[in-house]
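Here's the letter readout for the chains.
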Amino acid sequence: MPHVGGQKYKILAEYQILMQESDENHQINAVEMTRRLEAKGISAERKTVYKDIDTLIEAGIDVVKGEKGYYIGSRIFELAELKLLVDAVGASKFISRKKTKELVEKITELASIDDATQLKRQVVVPEKAGTENEKIFYSIDVIYQCLDNDKKMSFKYQEWTLTKEMKPRHGGKIYKVSPAFLLRNDENYYLVAFDDESQEIRHYRVDKMVAAEMLSEDRTGTDERKALNPQEYAKQHVSMFAGEERVVTIRFKKNLIGVVLDKFGSEIDIRLDGEDYVKARISVAISPQLYGWLVGIGATIAYPEAEAEKYKDYVQGIFK
C-alpha cells in the first residue's frame, strides 16, 4: 500500500473509534471503519483494518467480533462505577460548578456510546453554594509535591467577611506548615499539617488556600505527624473544628446508636444504660461544634463531670 498521510496514526485512530463509538449494540465493521478513518483524513482498506484489529487483540485490547462487526467487550470502568464517580464529583462542595461540569465530561468519555448517553441523561450538576476557588487543584498538587519531596509549604488562608466576600485572613498572613496528609471530611477537603508557629497539628480547608507554594525547607514536626491516624483524626474532630482532645462518655437514646456509630466508628465502647438509653465512650476534640452536634441528637455528656458541667453551661447559654 502506498505511504500516505496519517498511516502512522491509523491503528491509534481505530482504537479511539472503537473505544468512543462501539459497544455490543453499536458494532463497527471494516467498511464502516474505513469511512470513519477517511473522515479523519486517514486512507484505509478493509484488509488492513482486519490486520489492525488482530494487532489490537494481540496487544491485549478486548476487541470482540460480533455478528455485525467489532466492538470493545470490556472497559476499565463499568457503568455503575462511572455513575459513582459522577455522583461523587457532583456532591463535592470543594469542586466548583464549572470544574464539576468539566470532570463529568471527562468521566463520560470513559463510557461506551450507550452508557455515555445514559450518564448524560442522569447527570444533574447541582447549584453549589460552596467555593468557586478554581485554584484548589493547584493547591492539592502543591501539597502532594511537598509530601513526595518532604518539604514545607506556604499559603494564604481566606475567610468569609460580612460583605460575603472571601478575603485573606489576618491581613494576608503567610502560613508555613509541614503537610501530613489530605483528608475528606464533612463534604470538604482538608490539609492536616504541623504548624510552625504554634508547634501543633492543625488542619485547613484546601478550598480556602491561595498562593500555595512548596518551600525549600524540609518538613518539621516528624514525631507529631507520625503519631497521627487519619481515620481517628476525622472521627475526633466534629465538623473538623479544633479543640482539646478528651475521652468523654456520652448518653443518648438507644434508637440513635446508628447515628453515633456512623459518626465515631464501630470500635467505640458502648453499653446499655437502662432500657432506653446507651452510653458510649469516645475520644473527641471538645468544641462548640461537638456540643451543637450533641444537642442535635438530644445527647448529654455523662463523664467526666467537668466536661458535663461545661456542656450544661453551653446549653443554658443557648436558652439565655
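Predicted model, so just to flag it, every value in this text is computed and none were measured. (Residues numbered from 1 in each chain as written. Predicted model: local features only at pLDDT ≥ 70, side-chain atom pairs only at ≥ 80, totals over all residues. Heavy atoms only, no water.)

Draft legend 1. Spatial organisation of the sheet that holds strand 10 (residues 269-273). Read across the sheet, four strands follow the order 10-11-9-12 without closing on themselves; strand pairing throughout is antiparallel. Either end of the sheet is taken by a strand with one partner, and the two such strands are strand 10 and strand 12 (300-303). Taking each pair of neighbouring strands and ignoring which way they run, the sheet shows an average axis angle of 40 degrees. Bridge count for strand 9 (residues 244-253) against strand 12 is three bridges, and the pairing is antiparallel. Of the residues in strand 12, the one forming a bridge with Thr 249 is Tyr 303. Of the strands in this sheet, strand 9, strand 11 (277-286) and strand 12 touch helix 11 (residues 288-297), which is tilted by about 160 degrees from strand 11. Helix 12 (residues 305-319) contacts strand 9, strand 11 and strand 12 of the sheet and is inclined by roughly 160 degrees relative to strand 12. (Pairing = 2+ DSSP bridges. Helix = DSSP H or I, 4+ residues; strand = E, 2+ residues; numbered from the N terminus. Axes fitted to C-alpha atoms, helices over the stretch in contact; angles between N-to-C directions. Contact = heavy atoms within 4.5 Å.)

Draft legend 2. Molecular detail of the side chain of Asp 52. With respect to the helices, strands and loops of the structure, Asp 52 is situated in helix 3 (residues 46-58). Relative accessible area serves as the criterion here: at 12%, Asp 52 is assigned to the buried category. (Buried < 20%, exposed > 50% of the residue type's maximum accessible area, 1.4 Å probe, protein only.)

Draft legend 3. Region of interest: a nonpolar patch on the surface. A contiguous nonpolar patch, built from Ile 76, Phe 77, Leu 85 and Leu 110 and spanning about 370 Å² of accessible area, is present on the exposed surface. Structurally, Phe 77 can be placed in the loop between strand 2 (70-72) and helix 4 (79-91). (Patch = residues over 30% accessible without salt bridge, like charges linked within 9 Å, V, L, I, M, F, W, Y side chains within 5 Å. Areas by Shrake-Rupley, 256 points an atom, 1.4 Å probe, with all protein chains shown as cover. Salt bridge = Lys/Arg side-chain N within 4 Å of Asp/Glu carboxyl O.)

Draft legend 4. Up close: the pattern of salt bridges. This structure, assessed with the given rule, holds 17 salt bridges. Salt-bridge contacts for Asp 218 lead to Lys 151; the nearest nitrogen and oxygen are separated by 2.8 Å. Placement of Asp 218 in strand 8 (residues 209-218) and of Lys 151 in strand 3 (residues 151-160) is noted, with a sequence separation of 67 residues between them. Judged by relative accessible area, Asp 218 falls into the partly exposed class, the value being 46%. A network of salt bridges, in which partner residues are shared, links Lys 152, Lys 176, Asp 196 and Glu 217.

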